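A structural walkthrough
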Amino acid sequence: MTPTNVVRTEIQVDGHGTSYLTVDRDGPVVLLLHGTWWSRVWQPVLGGLAEAGLRPVAVDFPGFGRSDGELDPETAAVPALADWVGRFVSALGLTGRIGVVGHDIGGGVAQHLLVHGPFDVSRLALVNAVTYDSWPVPGVARFRDPAVVAGTTPEDLLAARRDAVTTALGDAATEQRITDYLDPWTDARVCRSWMAMAGAADDRYTMDLLPSLLGSPTPKLLIWGEDDGFQKVEYAERFAAEIPHTTLVRIPDAGHLPMENEPDRIAHALADFFTAS
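In short, a report on the structure. (Residues numbered from 1 in each chain as written. Predicted model: local features only at pLDDT ≥ 70, side-chain atom pairs only at ≥ 80, totals over all residues. Heavy atoms only, no water.)

Remarks on the packing of aromatic side chains
Enumeration according to the criterion identifies 8 aromatic pairs in this entry. Ring geometry for Trp-37 and Trp-185: centres 5.5 Å apart, planes at 75 degrees, overall edge-to-face. One end of the pair, Trp-37, is in the loop between β3 (29-33) and α1 (43-51); the other, Trp-185, is in the loop between α7 (175-182) and α8 (188-200), and 148 residues separate them in sequence. One exposure class covers both Trp-37 and Trp-185, and it is buried. Their ring planes at 5 degrees and their centres at 5.8 Å tell us that Trp-84 and Phe-88 sit as a pair that is stacked. Taken together, the residues Trp-84 and Phe-88, both in helix α2 (residues 78-91) and 4 residues apart, mark about one turn of the helix. Taken individually, Trp-84 and Phe-88 each receive the classification buried, so the pair is uniform in this respect. Three or more aromatic residues joined by ring pairs form one cluster here, namely Tyr-20, Phe-61, Trp-84 and Phe-88. Stacked on the ring of Phe-143, the Lys or Arg Arg-142 has its end atom at 5.2 Å from the ring centre. The aromatic ring of Trp-185 is capped on one face by Arg-161, whose charged end is 5.6 Å from the ring centroid. (Phe/Tyr/Trp six-rings, centres within 6.5 Å; stacked < 30°, edge-to-face > 60°. Helix = DSSP H or I, 4+ residues; strand = E, 2+ residues; numbered from the N terminus. Buried < 20%, exposed > 50% of the residue type's maximum accessible area, 1.4 Å probe, protein only. Lys NZ or Arg CZ within 6 Å of the ring centre and 35° of its normal.)

Here's the deal with the environment of Pro-138
Within the secondary structure, Pro-138 is located in helix α4 (residues 138-141). Spatially, the C-alpha atom of Pro-138 lies 11 Å from that of Gly-199, the residues being 61 residues apart in sequence.

Some words on unusual backbone geometry
The omega torsion across Gly-117 and Pro-118 is 25 degrees, close enough to zero to call that bond cis. By secondary structure assignment, the location of Pro-118 is in the loop between α3 (105-116) and β6 (121-129). Look at the link from Trp-135 to Pro-136: it is a cis peptide, with omega at -5 degrees. Residue position: Pro-136 is located in the loop between β6 and α4. Its identity is not glycine, yet His-245 carries a phi of approximately 60 degrees, on the positive side.

Observations regarding the pairing of β3
Burial of β3 is extensive: 5 of the 5 residues sit out of reach of the surface. Side chains of β3 alternate between two faces, with Val-29, Leu-31 and Leu-33 and Val-30 and Leu-32 buried alike. The pairing of β3 with strand β4 (residues 55-59) spans 5 bridges and is classified as parallel. From the neighbouring strand, Val-29 faces β4, where its bridge partner is Arg-55. Crossover β3 to β4 through α1 is right-handed. Of the strand pairs in this sheet, β3 and strand β5 (residues 98-104) are connected by 4 bridges, and their pairing is parallel. Bridge pairing links Leu-31 to Val-100 in β5. (Pairing = 2+ DSSP bridges. Right-handed = clockwise from strand over helix to strand, strands pointing away.)

Some details on the pairing of β5
Of all 7 residues in β5, 7 are buried; the element is thus mostly enclosed. Where β5 lies against β6, 6 bridges are found, and the strand directions are parallel. Paired with Val-101 across the bridge in β6 is Ala-125.

Observations regarding the environment of Phe-239
Mapped onto the fold, Phe-239 is located in helix α11 (residues 233-242). In this structure the C-alpha to C-alpha distance between Phe-239 and Asp-26, which are 213 residues apart in sequence, comes to 33 Å. Not counting the four nearest positions on each side in its chain, Phe-239 is found in contact with Gln-111, Leu-126, Thr-131, Tyr-132, Leu-213, Lys-220, Leu-222 and Thr-246. (Contact = heavy atoms within 4.5 Å.)

Regarding the side chain of Thr-18
Locating Thr-18 in the fold gives a position in strand β2 (residues 16-23). In this view, Thr-18 contacts Thr-9, Glu-10, Ile-11, Val-13, Val-59, Asp-60, Ser-67, Trp-84 and Phe-88; residues no more than four positions away in its chain are not counted.

What about α11?
Among the residues of α11, Val-233, Ala-236 and Phe-239 are the ones counted as buried. Down the axis of α11, the buried set is contained in an arc of 115 degrees. They therefore lie on one face. Buried residues in α11 make contact with α3, β6, α10 (210-214), β7 (220-225) and β8 (246-251). (Arc of directions from axis to C-beta.)

This is the structure in structure tokens:
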């Protein structure tokens with residue numbers, strides 16, 4: 001699902017051009033956050049959300065995708081990214097309660113927003129996101145070592161990203177789709193931002209949220225590709241069993257990017273969740 005009414009636009013945040021995908025329509029806002037990829041992960045489901053009467057906004061973090069700027073190990077940490085999202089929301093002039101969706105490390109940012117703000121989260125959806133101590137996976141954790149960062153060239157990272165996205169897409173992997181996902185990593189600035197996010201990855205940011213999540217009355221939806229080798233479905237099962245007001249939707253034969261495997265099903269699940277009274 002790649003509808004023609006999805007547009008990419010830009011707004012200034014902290015003096016940098018910030019890129020996001022959206023559908024130009026009125027309706028309740030649903031903010032979609034990426035992790036170690038970029039806003040491209042949400043493209044397949046944006047049209048379905050808009051058709052349900054929602055206004056989806058899928059933003060690129062600084063130094064990722066089409067956004068300007070560059071992350072460093074401090075600004076790439078989950079709490080700092082959550083604060084940045086708050087400034088992005090303010091720049092858009094959004095007020096009131098906002099629905100939030102997070103994928104991968106973006107799911108850690110989404111959980112932080114639910115617990116700590118700086119705006120009220122009406123409903124929270126996580127799609128193959130980091131939870132508990134599920135992260136960082138070894139391929140990400142190695143970038144905590146400054147020697148690894150210093151010794152990684154943009155060409156090295158691009159090759160590693162190709163392997164990762166091919167695995168994540170599973171049956172949805174085509175050369176064109178892989179090329180689409182990899183395009184930003186031809187920019188050395190984006191590569192440095194990615195390595196900063198990887199180096200800042202720390203499971204304490206999700207583990208520290210657990211006491212608040214256990215008492216949270218906010219509705220929560222988990223959507224999980226069952227074949228994900230990065231964020232395993234067992235973590236989603238545990239979250240759904242322990243965290244109140246949580247529903248789990250399993251996507252068979254899908255990996256870390258289930259939006260590419262089952263876009264219509266995921267769009268409908270998200271739309272139903274965010275339009276529920």
